[in-house]
Amino acid sequence: MDLHYTVRLKDADAHLLEVICRVAAPDPAGQRFSLPVWIPGSYLVREFARHVGRVAAECGGRPVAVTKLAKNVWACAPHDPHATDPAGAALSFRYEVYALDLSVRGAYFDRERAYFNGAAVLVRAHGHGEAPCTLELRPPAEALADADPAADWRVATAMPAVDTDARGFGVYRAGDYDELIDHPFEVGRFTTIRFRARGVPHEFVLSGRAEMDGERLGRDLARVCTEHLDLFGPPYPFARYLFLTLAVGEGYGGLEHRASTSLLCARDDLPRPGDKAMGDAYRGFLGLCSHEYFHAWNVKRIKPAAFSPYDLDAENYTRLLWAFEGITSYYDDLALVRAGLISEVSYLELLAQNITRVLRTPGRFVQSLEDASFDAWIKFYRADEDAPNSQVSYYAKGALVALALDLKLRAAGRGSLDEVMRALWARYGADAGGGVPEDGVERLASEVSGLDLREFFDLALRGTEDLPLGELFAPFGISVHLRPAESPSDKGGKAPKEPQEPAGRPRASLGVRTSAAPGGVRLTHVLRDGAAARAGLAAGDVVVAVNGLRAEGERLERQIAATPVGGRVRLHYFRRDELAEAEAVLPAAPEDTCHLCVEGDDGRARVLRRQWLRTVAPAG
Ligand code: ZN
């Protein structure tokens, strides 16, 4: 092979991987190498090169000088064209990578396990990016100080193996650099659950300290996967699929790849042995698995033209992330109800929670979905204390747009989003090149439905007004209800607890989000035009007293709740180390908490619901 990578787990205690990239026919003018500045699927410039340590190169046993040309680009000195020994002509570029990033986006190595994404550790050899290559992963024996504590470490990856031992160490291959960096590796001691969906072998690989009912998880995941496989139909985009999961105390994350996904979850999210109930945490975890799996079609293969190919040296701008993250977010939970894993009531609760999330974001009146997508690099992924005031999530609102489009097409009897997705798959997925143009999703939705959807998309994607969800739900016999939050932990989705204290009296609101702080309550976010903002408070302030009494987490909440709408509260707070005082007039809490009800028993509504959710659950 002209291009070969060796990955050594070099030093667990220093958290160092060593990589050698060997180029058989390097550029005689000076071979260049670069490391991506971002990883596809996560739209933030992460500067992986900052973790690269010692760098060296050699050719025919002789060292070759390496010069840095940019933050992520290295150039080897010009190659001697008179080298007579063909073996000596190959260039080896060697470097260390510091790996202690527990996220699904980087690399990690300690005495417990190793994990890496190619984007974070494998350089691209310029001029050879299109070439097939091999990767040898060496066993970690020499990496650990003890005798051989890693003797039982194994390897899990979706990268096709060429010559590996029983544990998975050895040589793998990739068709090009794009594929090379799209198969993360998990190395260590893990549990593997195997199942098939439509005959395709799937593995769920669990690392970390966790107990789970693997049989149940395998059974449930098989149903989720079957839903997605059936939506797009054969031929399926992968011959084998892996869920690489790390369970920790607290954590959440997922990143999609072409034939696998990396997931980070809390160990309590997994179904415990003997537990039969569908708790919120497990429902959420299945939704995450479903989300990343759907991406194997939507964004890994149906991808924006702007990502075809990826420019890994800089931001890649697209206005389409609402389609790739929003539509995926819509289908993740939808697949759970369609697969019969959750009830219609449970699904409507999840939808209402998402509506609530969007309604609690005043930034939706400031930023359109297209702008949210374009600016993901500097806004969504760098959310700060002003984010709720100035941004809208292309996940949350994008999923609502997908829902709205689906309901609209179904109610009009003009197909469904399922058909739009299949049309996208046929035109831009599979082996089609070029990617989806910026207006491609809109045009295809109009083509499939025969409807003029310009007004809808102008409002949904380029506008900042709310979607008419009440109107869209009506033909399905579903009504939308809004009320103020009952407590800071009220995420919406459920009908209000009865009776509403005292006799439905409207609640007052300070217009803040908070976290506990020593001696008081820190304002993490101050909502624009809310009572706190109007009283001059700012994010970062620590409220220490309300009406002369010490402010503490829930007590602050009770103190605000006890104040009648229009009433005043005196606040003492610290800004930096300076004590200040303000008086806030409390307006009524906004009606930003949603729940959905199935109303009546209209036959057509029932049919529409059944076609949409594929459930036969009774109304309720
Ligand atoms: Zn996603």
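In this report, the structure presented in the accompanying data block is examined. (Residues numbered from 1 in each chain as written. Predicted model: local features only at pLDDT ≥ 70, side-chain atom pairs only at ≥ 80, totals over all residues. Heavy atoms only, no water.)

Let us now look at the overall build of the protein chain. Helix and strand content of the protein chain: 16 helices and 29 strands. The C-alpha atoms of the protein chain give 27 Å as radius of gyration, which agrees with the globular expectation for 620 residues (25 Å, within 12%). Viewed in the frame of its principal axes, the protein chain has a C-alpha envelope of about 90 × 65 × 50 Å. By residue count, 56% of the 620 residues in the protein chain fall in the buried class. Pairs at least 24 residues apart make up 69% of the contacts formed inside the protein chain by residues separated by at least 6 positions. Within the protein chain, one finds 74 positive and 86 negative side-chain charges whose respective centroids are separated by 2 Å. (Helix = DSSP H or I, 4+ residues; strand = E, 2+ residues; numbered from the N terminus. Rg over C-alpha atoms; globule rule 2.2 N^0.38 Å. Buried < 20%, exposed > 50% of the residue type's maximum accessible area, 1.4 Å probe, protein only. Contact = heavy atoms within 4.5 Å. Lys, Arg positive; Asp, Glu negative; His and termini not counted. Charge placed at Lys NZ, Arg CZ, Asp CG, Glu CD.)

Let us now look at the coordination of the zinc ion. Within the protein, His-291 (NE2), His-295 (NE2) and Glu-325 (OE) serve as the donor atoms for the zinc ion, at 2.0 to 2.1 Å. For the zinc ion, the single-chain donor residues occur in sequence as H-x3-H-x29-E. A residue pair is termed long-range when its members are at least 10 positions apart, and His-291 in helix 4 (residues 280–294) and Glu-325 in helix 5 (residues 321–338) qualify at 34 residues. This pair shows no difference in class: His-291 is buried, exactly as Glu-325 is. (Donors = N, O, S within 2.8 Å, 3.2 Å for Na, K, Ca; no water.)

Attention shifts here to the nonpolar core. Ranked by internal contacts, the top residues of the largest apolar core, which has 166 residues, are Tyr-5 and Trp-612. Listed in part, the 20 residues of the second largest apolar core include Val-526, Ala-532, Leu-537 and Ile-560. (Core = buried A, V, L, I, M, F, W, Y, C linked by side-chain atoms within 4.5 Å.)

All right, on to the sheet that holds strand 5 (residues 62–64) then. If you walk across this open sheet you meet the 8 strands as 5-4-8-2-1-12-15-14, and the pairing is mixed. The open sheet has two edge strands with one neighbour each: strand 5 and strand 14 (161–164). Pairs of neighbouring strands in the sheet enclose a mean axial angle of 20 degrees, with direction left out of account. (Pairing = 2+ DSSP bridges. Axes fitted to C-alpha atoms, helices over the stretch in contact; angles between N-to-C directions.)

In space, the 4 strands of this open sheet follow the order 9-10-16-13, with antiparallel pairing throughout. Looking along the sheet, the strands with just one partner apiece sit at the ends: strand 9 (107–109) and strand 13 (154–156). Taken over all neighbouring pairs, the strand axes of this sheet differ in orientation by 15 degrees on average, direction set aside. Here strand 13 runs beside strand 16 (residues 185–188); their pairing, made up of 3 bridges, is antiparallel.

On to the pairing of strand 6 (residues 66–70), then. Bridging between strand 6 and strand 7 (residues 73–76) involves 4 bridges; their strand directions are antiparallel. Among the inter-strand pairings, Val-66 is bridged to a residue of strand 7, identified as Cys-76. Between strand 6 and the antiparallel strand that follows it, strand 7, lie 2 residues.

Evaluation of the coordinates by the stated rule reveals 37 aromatic pairs. Where Tyr-43 meets Tyr-381, the ring centres are 6.3 Å apart and the plane angle is 80 degrees; that geometry is what we call edge-to-face. With Tyr-43 in the loop between strand 3 (32–34) and strand 4 (52–59) and Tyr-381 in the loop between helix 7 (369–374) and helix 8 (387–390), the pair connects residues that are 338 residues apart, well separated along the chain. Judged by relative accessible area, which is 2%, Tyr-43 ranks as buried. (Phe/Tyr/Trp six-rings, centres within 6.5 Å; stacked < 30°, edge-to-face > 60°.)

Burial along strand 10 (residues 113–116) is two-sided: Arg-113 and Tyr-115 and Ala-114 and Phe-116, pointing in opposite directions, are all buried. Here strand 9 hands over to strand 10 after 3 residues, the two strands then running antiparallel side by side. Bridge count for strand 10 against strand 16 is 4 bridges, and the pairing is antiparallel. For Ala-114, the partnering residue across the bridge sits in strand 16 and is Val-187.

Turning our eyes to something else, we now look at the environment of Leu-341. Structurally, Leu-341 is set in the loop between helix 5 and helix 6 (344–359). Overall, Leu-341 belongs to the buried group, its relative accessible area being 12%. Once the C-alpha coordinates of Leu-341 and Pro-140 are considered, the two residues, 201 residues apart in sequence, prove to be 41 Å apart. Apart from the residues within four sequence positions on either side, Leu-341 is in contact with Asp-220, Arg-223, Val-224, Met-278, Leu-286 and Leu-336.

Everything listed is a geometric property; what it means functionally is a separate question.
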